[in-house]
Amino acid sequence: MPSDFEILRSIYNAFDPFEPLPAGDPVYVNCSAVRGEENILVDVGRQITYSDRITHQLYTGHRGAGKSTELLRLKDALEKDGYRVVYFAAEEADIDPEDAQYTDILLACTRNLLKDLQGNQKPIQQWLQSRKTELVDAMQSEVGFDSINAEVPFSKLTTTLKVSPTARAQIRKIVEPHTPSLIEALNTFIAEAMAQTPQQTTHKLVLIVDSLDRIPPILRENEPSNHEQIFVDRSEQLKLLNCHVIYTVPISLVYSGRAPDLRDIYDAEIQVLPMVMVRDQAGQVCEPGLAIMRELVRQRVFHAPGVSADAQLVGDIFDEAETLNQLCLMSGGHMRNLMLMAQEAIKQTTALPIGKKAVRLAITKARNTYRNAVYDNQWGLLAKVWHTKEILNDEAHRDLLFNRCILEYRYIDGTGEIVCWRDVHPLLRSVKEFQSALDKLEA
């Protein structure tokens, strides 16, 4: 029989907060009923499968909400429907989210399409060779530039873009004037590669670019934000790739003054993955949402190696139902918060069951992280959001939305309408600065 240490270690790893679930994973819990009936297979997938032309879509939600897991489900469903899908998380190997521009995204798309598709790379190799001298000077290396596989030098390019700020600026300066010819070469490659596949048409190719939602907003006086520069000002280039494309975008952009432009530019309503509603607008516990979060914990625990199927979630793993409920409620229905706090509570535990003290300590540590993300002049804004369940369309509220200090929820009302509302992250509600701002507002 495994020791408590072995079981705790196994459960700890089952709550990995940064590993999306692959399609068909038995741990997956469908949260649609407490997310306003959000369904990526319908909302995003059918935009592709029903359309006679190539589509371009944006997908968003709070970071850590589970978008990557949903996108992998979509990839699987499209592949079963006869599509060829190229999926990649841009930040893993290609871009630095803290300093990303359109050029970086195009080079990342090129590398991943070259990696996943088999076809005549000559047009892309010619484009590369015509800029070889300048690029070699910028990177101070010619390793891989004479490879017969064009992915090799593009891999070198994107790796350099990701890790070297100095070379990054030089590479962008070289590539930027020649992006139209790169897109032309890439589209030729896509068309020829797809002609050799069972799908035989670019209308059956889908490119999913994940992790772009992690690009933080950068504001400069009298200039568009970096988000606007990428997804609005460069939208024509983003849409020139000769295949269906889905880009993840920062949630704060969806609530900016450019939202109507985004709707006009791209081919569908921007799909938002909201939080699991663990409390309603009145602050009362939403039992269906809380039950979903408990089930999510249950699936992670009982699929962990070494955990007995005869064990009880409450009693053997957690000391009391209230301990488990607190963990779920304080996550705000945010998947990654739940995973991180669960891991922290496990770290504070030496023998099962996990108790109140360990969970309380995990909550406190998470609260301190969120507290540090709020500026002094923002506590009053949070107090107003708590009262109104709404946000204003300004940079301050968008910043709090991006930082997940404000969370978004949705439900279907009795008339079938989607009701969208926001609330302060529950971790912040007992912070003294928030309570002080609330007292002033109510005075």
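Residues numbered from 1 in each chain as written. Predicted model: local features only at pLDDT ≥ 70, side-chain atom pairs only at ≥ 80, totals over all residues. Heavy atoms only, no water.

**Student:** Mind showing me how you'd approach the pairing of strand β3 (residues 205–210) here?
**Tutor:** Regular strands place side chains that alternate from one sheet face to the opposite one. With 6 of 6 residues buried, β3 lies mostly within the body of the structure. Judged by which residues are buried, β3 turns out to be covered on both faces: Leu205, Leu207 and Val209 on one side and Val206, Ile208 and Asp210 on the other are all buried. For β3 and strand β4 (residues 244–248), the ladder comprises 4 bridges, and the chain directions are parallel. Its bridge partner being in β4, Ile208 is matched across the sheet by Ile246. (Buried < 20%, exposed > 50% of the residue type's maximum accessible area, 1.4 Å probe, protein only. Helix = DSSP H or I, 4+ residues; strand = E, 2+ residues; numbered from the N terminus. Pairing = 2+ DSSP bridges.)

**Student:** Which parts of the structure should I look at to understand the environment of Leu327?
**Tutor:** Inspection of the secondary structure assignment puts Leu327 in helix α17 (residues 321–330). A relative accessible area of 1% means that Leu327 is categorised as buried. Linking Leu327 and Ala342, residues 15 residues apart in sequence, is a C-alpha distance of 7.4 Å. Setting aside chain neighbours within four positions, we find Leu327 in contact with Phe318, Leu338, Met341, Ala342 and Val359. (Contact = heavy atoms within 4.5 Å.)

**Student:** Explanation requested: the packing of α17 against helix α18 (residues 335–347) in the structure shown.
**Tutor:** When two helices pack together, their arrangement is given by the angle between their axes and by how far apart the axes lie. Relative to each other, α17 and α18 sit at 140 degrees, their axes nearing to 8 Å. Judged by the inter-axis angle, α17 sits oblique to α18. For the element pair α17 and α18, the recorded crossing hand is right-handed. Contacts between α17 and α18 involve Leu327, Cys328 and Met330 from the first element and Leu338, Met341 and Ala342 from the second. (Axes fitted to C-alpha atoms, helices over the stretch in contact; angles between N-to-C directions. Parallel < 35°, antiparallel > 145°, perpendicular 65-115°, else oblique. Left-handed = near helix turned anticlockwise from the far one by under 90°.)

**Student:** What is the right way to read the nonpolar core from this model?
**Tutor:** Core analysis: the largest hydrophobic core is formed by 120 residues, its most contacted members being Leu207, Phe231, Ile354 and Leu382. In this structure, Leu207 is in contact with Val86, Phe88, Cys109, Leu113, Leu241, Cys243, His244, Val245 and Ile246, ignoring residues within four places of it in sequence. Grouped together as the second largest cluster of nonpolar side chains are 23 residues, Ile40, Tyr83, Ile208 and Met277 included. (Core = buried A, V, L, I, M, F, W, Y, C linked by side-chain atoms within 4.5 Å.)

**Student:** Sorry, what's going on with the side chain of Asp104 here?
**Tutor:** Along the chain, Asp104 falls in helix α6 (residues 102–116). Leave out the neighbours within four places in its chain, and Asp104 touches Ile95, Asp99, Leu161, Arg168 and Arg172.

**Student:** Looking at this structure, how should I read the packing of helix α8 (residues 132–139) against helix α10 (residues 165–175)?
**Tutor:** Where α8 meets α10, the axes come as close as 9 Å, and the angle between the chain directions of the two elements is 170 degrees. Classed by the angle they form, the pair α8 and α10 counts as roughly antiparallel. Together, Glu134, Leu135, Ala138 and Met139 of α8 and Ala167, Gln170, Ile171, Ile174 and Val175 of α10 make up the contact between the two elements. Per-class residue counts for the contact of α8 with α10 are 7 nonpolar, 1 polar and 1 charged. (Nonpolar A, V, L, I, M, F, W, Y, C, P; charged D, E, K, R; others polar.)

**Student:** Looking at this model, I keep getting lost on the pattern of salt bridges. Mind explaining?
**Tutor:** Oppositely charged side chains are able to pair whenever their charged atoms sit close together. Summed over all chains, the structure comprises 24 salt bridges. Residue Asp104 is joined to Arg172 by a salt bridge in which the shortest nitrogen-to-oxygen separation is 2.6 Å. Pair noted here: Asp104 is in helix α6 and Arg172 is in helix α10, with a separation of 68 residues, a long-range link. Accessibility classification places Asp104 together with Arg172 in one group, the buried group. Measuring nitrogen to oxygen at the nearest pair gives 2.8 Å for the salt bridge that ties Arg398 to Glu395. Of this pair, Arg398 and Glu395 both sit in helix α21 (residues 395–402), separated by 3 residues, roughly a single helical turn. A residue is classified by how much of its surface remains accessible, and Arg398, at 10% relative accessible area, is buried. What emerges from the salt-bridge pattern is a single network uniting Asp96, Asp99, Asp104, Arg168 and Arg172. (Salt bridge = Lys/Arg side-chain N within 4 Å of Asp/Glu carboxyl O.)

**Student:** Just checking my understanding: could you explain the packing of aromatic side chains for this structure?
**Tutor:** For any pair of aromatic rings, the description consists of the separation of the ring centres together with the inter-plane angle of the planes. Going through the model one piece at a time under the given rule, you end up with 2 aromatic pairs. Relative to Phe154, the ring of Trp127 has its centre 6.2 Å away and its plane inclined at 25 degrees; by these criteria the two rings are stacked. With Trp127 in helix α7 (residues 122–129) and Phe154 in helix α9 (residues 151–163), this residue pair connects regions lying 27 residues apart in the sequence. Here Trp127 falls in the buried class, since its relative accessible area comes to 5%. Look at Tyr409 and Trp421: their rings are 4.9 Å apart centre to centre, the planes differ by 25 degrees, and that puts the pair in the stacked class. In this pair, Tyr409 is assigned in strand β6 (residues 406–412) and Trp421 in strand β7 (residues 418–424), connecting sequence segments 12 residues apart. Residue Tyr409 shares its accessibility class with Trp421, and that shared class is buried. Residue placement shows Arg63 over the ring face of Phe402; its charged tip is 4.2 Å from the ring centre. Note that Arg422 overlies the ring of Tyr255, its terminal NZ or CZ placed 4.6 Å from the centroid. (Phe/Tyr/Trp six-rings, centres within 6.5 Å; stacked < 30°, edge-to-face > 60°. Lys NZ or Arg CZ within 6 Å of the ring centre and 35° of its normal.)

**Student:** Teacher, can you tell me more about unusual backbone geometry here?
**Tutor:** With the exception of glycine, most residues fall at negative phi, and the peptide bonds are largely trans. Looking along the chain, the bond that leaves Leu352 and enters Pro353 is cis, with omega of 5 degrees. The residue Pro353 is located in the loop between α18 and α19 (356–372) in this model. Of note in this structure, Gln200 is not a glycine but carries a positive phi near 65 degrees. Within the secondary structure layout, Gln200 lies in the loop between α11 (179–195) and β3. Phi angles above zero are rare outside glycine, and Ser211 is one such case at about 80 degrees. Locating Ser211 in the fold gives a position in the loop between β3 and α12 (226–233). A residue is classified by how much of its surface remains accessible, and Ser211, at 2% relative accessible area, is buried.

**Student:** Where do I start with the sheet that holds strand β2 (residues 84–89) in this structure?
**Tutor:** Sheet strands line up and pair through hydrogen bonds in the backbone, either parallel or antiparallel. One open sheet accounts for 5 strands, arranged β2-β3-β4-β1-β5; its pairing is parallel. Each edge of the open sheet is held by one strand with a lone partner, namely β2 and β5 (271–273). Ignoring which end each strand starts from, the neighbouring axes of this sheet average 15 degrees apart.

None of this, on its own, says anything about what the molecule does.
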